[in-house]
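Coordinates in review
Each chain, written out:
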Amino acid sequence: MEYASLRQYAHRHCRFKLRSGKEIFGVVWEVETSEQANGEGTTRLFFASVRDYERLQQQGSPVQVISIAPNDIVSVESLAS
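This is a predicted model, so every value here is computed, not measured. (Residues numbered from 1 in each chain as written. Predicted model: local features only at pLDDT ≥ 70, side-chain atom pairs only at ≥ 80, totals over all residues. Heavy atoms only, no water.)

Describing the nonpolar core
Let me state the cut-off plainly: The criterion is simple. A nonpolar core is a set of buried Ala, Val, Leu, Ile, Met, Phe, Trp, Tyr and Cys residues joined through side-chain atoms within 4.5 Å. Accessibility here uses a 1.4 Å probe with only protein chains present; expressed as a share of the type maximum, an area under 20% marks a residue as buried, one over 50% as exposed, and anything in between as partly exposed. Helix and strand assignments follow DSSP, with helices taken as H or I runs no shorter than four residues and strands as E runs no shorter than two, numbered in order from the N terminus. Contacts are residue-level and defined by heavy atoms, with any inter-residue pair within 4.5 Å sufficient.
Judged by nonpolar contacts, Leu-6, Tyr-9, Cys-14, Phe-16, Leu-18, Ile-24, Val-28, Leu-45, Phe-47, Ile-68, Ile-73 and Val-76 together constitute the single largest core of 12 residues. No other element matches the three residues that strand E1 (residues 14–18) contributes to this core. Every residue in contact with Leu-18, bar those within four places of it in the chain, is listed here: Ile-24, Ile-68, Asp-72, Ile-73 and Val-74. Within the second largest apolar cluster, five residues are counted, among which are Trp-29, Phe-46, Ala-48 and Tyr-53.

As for the packing of aromatic side chains
Threshold: The aromatic pairing rule takes the rings of Phe, Tyr and Trp, using the six-membered ring of Trp, and pairs them if the centres are within 6.5 Å, calling planes under 30 degrees apart stacked, those over 60 edge-to-face and the rest tilted.
Across all of its chains, the model carries three aromatic pairs by this definition. Ring plane angle 50° and centroid distance 5.2 Å describe the contact between Trp-29 and Tyr-53, whose orientation is recorded as tilted. Of this pair, Trp-29 sits in strand E2 (residues 23–32) while Tyr-53 sits in helix H2 (residues 50–59), placing them 24 residues apart in sequence. This pair shows no difference in class: Trp-29 is buried, exactly as Tyr-53 is.

Printed below as a string of structure tokens:
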């Protein structure tokens, strides 16, 4: 998938099907990094379990966060109500 397709699912509890065939449950979000030497910033996508994501948002506590490439995600289903 592309960043544009994933934006509607950002910061929401979802089920993700990965290219590897695995299904994972959690939250993804984008982070824009600072500008590089060529004057351009980059966007990275991160994944965490719902519990870790909520802890990160509420307490700022260290949690297990995984960098994930958008093209590794085959499909998304929102589980948030």
